[in-house]
Amino acid sequence: MSDVLERLAQVLEARKEADPETSYVASLHAKGLNKILEKVGEECTETLLAAKDAELSGETRDVIYETADLWFHSMVMLSRLGLGPNDVIEELGRRFDLSGLEEKASREQ
Ligand SMILES: N=c1c2ncn([C@@H]3O[C@H](COP(=O)(O)OP(=O)(O)OP(=O)(O)O)[C@@H](O)[C@H]3O)c2ncn1[C@@H]1O[C@H](COP(=O)(O)O)[C@@H](O)[C@H]1O
């Protein structure tokens, strides 16, 4: 499963040097971090609207499609900052066996 994320991360790294005329990822980098963040925010809103619709209709295709857009643009953001999916996956792995409520309590001490 994460093989896809790793392969996509490699493509994203290579596209940093690509021609913005022929590469969407390169065109985002050429426009700068604010444009990338704008796309993350936009895809986030589209994802939550699709999730609301999915709960009402039981039709989940759009929520999968929008979440893919959100993950993709989040990965472009990570790549821009010199990070990759493994940094996030490691953090999620670190949280195994730690209840979310316990983790929250440890932050409040
Ligand atoms: N996974 C994706 C991917 N998901 C979504 N998108 C693009 O993200 C954009 C989503 O933006 P919107 O839906 O808001 O559409 P839009 O109106 O075109 O966007 P704006 O003009 O508002 O910026 C679309 O252009 C999609 O094609 C992606 N573009 C690229 N990839 C991957 O990145 C690789 C490199 O892409 P290029 O850099 O284009 O070669 C590709 O081979 C894919 O593996």
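I will try to describe carefully the structure that is included in this document. None of the values given here were measured: they were computed from a predicted structure. (Residues numbered from 1 in each chain as written. Predicted model: local features only at pLDDT ≥ 70, side-chain atom pairs only at ≥ 80, totals over all residues. Heavy atoms only, no water.)

A separate point is the overall build of the protein. Helix and strand counts for the protein stand at 6 helices and 0 strands. Ordering the α and β elements of the protein from the N terminus gives α-α-α-α-α-α. Considering only C-alpha atoms, the protein reaches an extent of 50 × 35 × 30 Å along its principal axes. Here the protein holds 109 residues, and 24% of them are scored as buried. Partitioning the contacts of the protein with sequence separation of at least 6, the portion at a separation of at least 24 is 58%. Carbon together with sulfur atoms contributes 56% to the accessible area of the protein, which is approximately 8,000 Å² in total. Where the 13 positive side-chain charges of the protein centre and where its 23 negative ones centre are 3 Å apart. (Helix = DSSP H or I, 4+ residues; strand = E, 2+ residues; numbered from the N terminus. Buried < 20%, exposed > 50% of the residue type's maximum accessible area, 1.4 Å probe, protein only. Contact = heavy atoms within 4.5 Å. Areas by Shrake-Rupley, 256 points an atom, 1.4 Å probe, with all protein chains shown as cover. Lys, Arg positive; Asp, Glu negative; His and termini not counted. Charge placed at Lys NZ, Arg CZ, Asp CG, Glu CD.)

Close contacts around the ligand come from L8, V11, R15, S23, Y24, V25, K39, E42, E43, D69, F72 and H73, and that covers them all. A distance of 2.8 Å is found between an oxygen atom of the ligand and a side-chain nitrogen or oxygen belonging to R15. Taking K39, its side chain carries an N or O atom lying 2.6 Å from an oxygen atom of the ligand. Considering the ligand on its own, with 850 Å² of exposed area, one finds that the protein chains cover 53% of that surface. Looking at the shell around the ligand, the elements with two or more residues in it are α1 (2-15), α2 (24-31), α3 (33-57) and α4 (61-80). (Near = heavy atom within 4 Å. Polar contact = N/O pair within 3.5 Å; in protein donor to acceptor, adjacent residues only side chain to side chain.)

Take the nonpolar core next. Soluble globular proteins tend to bury their nonpolar side chains together. Listed in full, the 7 residues of the largest apolar core are A9, L12, V25, L28, I36, M75 and V76. Elements supplying a minimum of two residues to this core: α1, α2 and α4. (Core = buried A, V, L, I, M, F, W, Y, C linked by side-chain atoms within 4.5 Å.)

Enumeration according to the criterion identifies 8 salt bridges in this entry. Between K35 and E38 there is a salt bridge, and its shortest N-O distance comes to 3.3 Å. Taken as a pair, K35 and E38 lie in helix α3 at a separation of 3 residues, close to a single helical turn. Residue class for E38 comes out partly exposed when judged on its relative accessible area of 45%. K104 is the partner of E108 in a salt bridge, and the nearest nitrogen-oxygen pair spans 3.4 Å. (Salt bridge = Lys/Arg side-chain N within 4 Å of Asp/Glu carboxyl O.)

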